[in-house]
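# Structural description and commentary
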Amino acid sequence: GNSVTQMEGPVTLSEEAFLTINCTYTATGYPSLFWYVQYPGEGLQLLLKATKADDKGSNKGFEATYRKETTSFHLEKGSVQVSDSAVYFCALLRGGYNKLIFGAGTRLAVHP
Amino acid sequence: EAGVTQFPSHSVIEKGQTVTLRCDPISGHDNLYWYRRVMGKEIKFLLHFVKESKQDESGMPNNRFLAERTGGTYSTLKVQPAELEDSGVYFCASSQESRGYEQYFGPGTRLTVT
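Since this is a predicted model, take the numbers as computed values, not measurements.

At the interface, 17 residues of chain A touch 20 residues of chain B. Taking both partners together, chain A and chain B bury about 1,600 Å²; carbon and sulfur atoms supply 56% of that area. Per-residue buried area on chain A facing chain B is highest for A:L44, A:N98 and A:K99; these three make up 35% of the total on that side. A salt bridge links B:D56 to A:K99; its shortest N-O distance comes to 3.9 Å. Taken together, the links from chain A to chain B amount to four residue pairs in polar contact (both at pLDDT 80 or more).

See the structure below:
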């Protein structure tokens, strides 16, 4: 079946550290891949997306590259800030379907 | 433009009681989705409306859950009777088109069944 696996959290970093949150997926066909972020007290927001292999999604200093050969979509940021503290969800959307399939989420805590 | 809103933000009920969650999508969005996150696990799809019609309800856990979207505007999700395992965060999302268009999420309703 279709599924998304994320690294377990929490991830605790100091400000300006490098961030990687791993995400791998299993899907039939050619899904679109997403990273959503949930800041404290807020709803899910789309952070970035990639719709085909080798695409790189980027936003707010975050990047993720759609790797078909390793079925991965790892989230990276070169220098995190305290304001990046949130829960990050990796998700996929199969072509022709409407329901997002999410990973379990990874909580990131950034300390000054 | 107002975002997706959900009410209430938090509900605490006893096992066996009834709870109704409400979602107001972004104005003009025909597609409305319900998702649920239970106990820090993955967010799971419950169902999808296109206007007032249920397009896909494959994720609804059982017949204690009833979703409606009268008039194709706001939606309600009723749980009757609630069980302990229904506790979690219920998210609503809406989109203007289907098939890969961005889904905009609300803040969620945290349901606690005791």
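Another point: the layout of surface pockets. Put simply, the largest pocket is a space of about 480 Å³. Around the largest pocket, the lining comprises 22 residues; the ones closest to its centre are A:Q38, A:R107, B:R37, B:V89 and B:R110. Taken together, the elements giving at least two residues each to the lining of the largest pocket come down to β10 (86-93) of chain A together with β9 (88-95) and β11 (109-113) of chain B. Split into classes, the residues belonging to the lining of the largest pocket amount to nine nonpolar, nine polar and four charged. Breaking the lining of the second largest pocket down by element, the ones donating at least two residues are β1 (3-6) and β11 (101-102) of chain A together with β4 (31-37) and β5 (43-50) of chain B. For the lining of the second largest pocket, the residue count by class is nine nonpolar, three polar and seven charged.

As a further point, take the packing of aromatic side chains. Taken as a whole and assessed by the stated rule, the structure comprises 12 aromatic pairs over all chains. Ring geometry for A:Y36 versus B:F105: centroids 5.4 Å apart, planes at 75 degrees, classification edge-to-face. Taken together, the residues A:Y36 in strand β5 (residues 32-38) and B:F105 in strand β10 (residues 104-105) connect one chain to another. As far as the burial class goes, A:Y36 and B:F105 line up, both buried. Measuring from ring centre to ring centre gives 6.5 Å for B:F91 and B:F105, while their planes differ by 80 degrees; the resulting arrangement is edge-to-face. In this pair, B:F91 sits in strand β9 while B:F105 sits in strand β10, placing the two residues 14 residues apart along the sequence. Three or more aromatic residues joined by ring pairs make a cluster, and in this case those are A:F34, A:Y36, A:F89, A:F102, B:Y33, B:Y35, B:F45, B:F91 and B:F105. Here the basic side chain of B:R22 rests over the ring of B:Y74, its NZ or CZ set 3.8 Å away from the ring centre.

Right, let's get into the pairing of strand β12 (residues 106-111) of chain A. Residue and element names in this part refer to chain A. Residue alternation in β12 divides its side chains into a buried set, T106, L108 and V110, and an unburied set, R107, A109 and H111. Sheet topology places strand β2 (residues 11-14) next to β12; four bridges connect them, and they run parallel. Its bridge partner being in β12, T12 is matched across the sheet by A109. The pairing of β10 with β12 spans three bridges and is antiparallel. Residue V87 lies in a different strand from β12, and its bridge partner there is R107.

Scanning all chains against the criterion turns up two disulfides over all chains. Covalent S-S linkage joins A:C23 and A:C90, the inter-sulfur distance amounting to 2.0 Å. Looking down the S-S bond of the A:C23 and A:C90 bridge, the torsion is -70 degrees, so its handedness is left-handed. Placement of A:C23 in strand β4 (residues 23-26) and of A:C90 in strand β10 is noted, with a sequence separation of 67 residues between them. Side by side, A:C23 and A:C90 carry an identical accessibility label, which is buried. Note that B:C23 is cross-linked by a disulfide to B:C92, the S-S spacing being 1.8 Å. Where B:C23 bonds to B:C92 through sulfur, the torsion about that S-S bond is close to -65 degrees, and the disulfide is left-handed. Here B:C92 lies in strand β9 and B:C23 lies in strand β3 (residues 19-24), a separation of 69 residues in the sequence. The residues B:C23 and B:C92 share a single accessibility class, namely buried.

Thresholds, definitions, all that
- Residues numbered from 1 in each chain as written.
- Chains lettered and ligands numbered in written order.
- Predicted model: local features only at pLDDT ≥ 70, side-chain atom pairs only at ≥ 80, totals over all residues.
- Heavy atoms only, no water.
- Contact = heavy atoms within 4.5 Å.
- Buried area = accessible area lost by both parts, 1.4 Å probe.
- Salt bridge = Lys/Arg side-chain N within 4 Å of Asp/Glu carboxyl O.
- Polar contact = N/O pair within 3.5 Å; in protein donor to acceptor, adjacent residues only side chain to side chain.
- 1 Å grid on protein atoms, 1.4 Å probe; cavity = no way out; pocket = protein on both sides within 12 Å on 5 of 7 lines; lining within 4 Å.
- Points joined across faces, edges and corners; volume = space filled by probe spheres on them.
- Helix = DSSP H or I, 4+ residues; strand = E, 2+ residues; numbered from the N terminus.
- Nonpolar A, V, L, I, M, F, W, Y, C, P; charged D, E, K, R; others polar.
- Phe/Tyr/Trp six-rings, centres within 6.5 Å; stacked < 30°, edge-to-face > 60°.
- Buried < 20%, exposed > 50% of the residue type's maximum accessible area, 1.4 Å probe, protein only.
- Lys NZ or Arg CZ within 6 Å of the ring centre and 35° of its normal.
- Pairing = 2+ DSSP bridges.
- Disulfide = S-S within 2.5 Å.

All we've got here are geometric facts, nothing functional implied.
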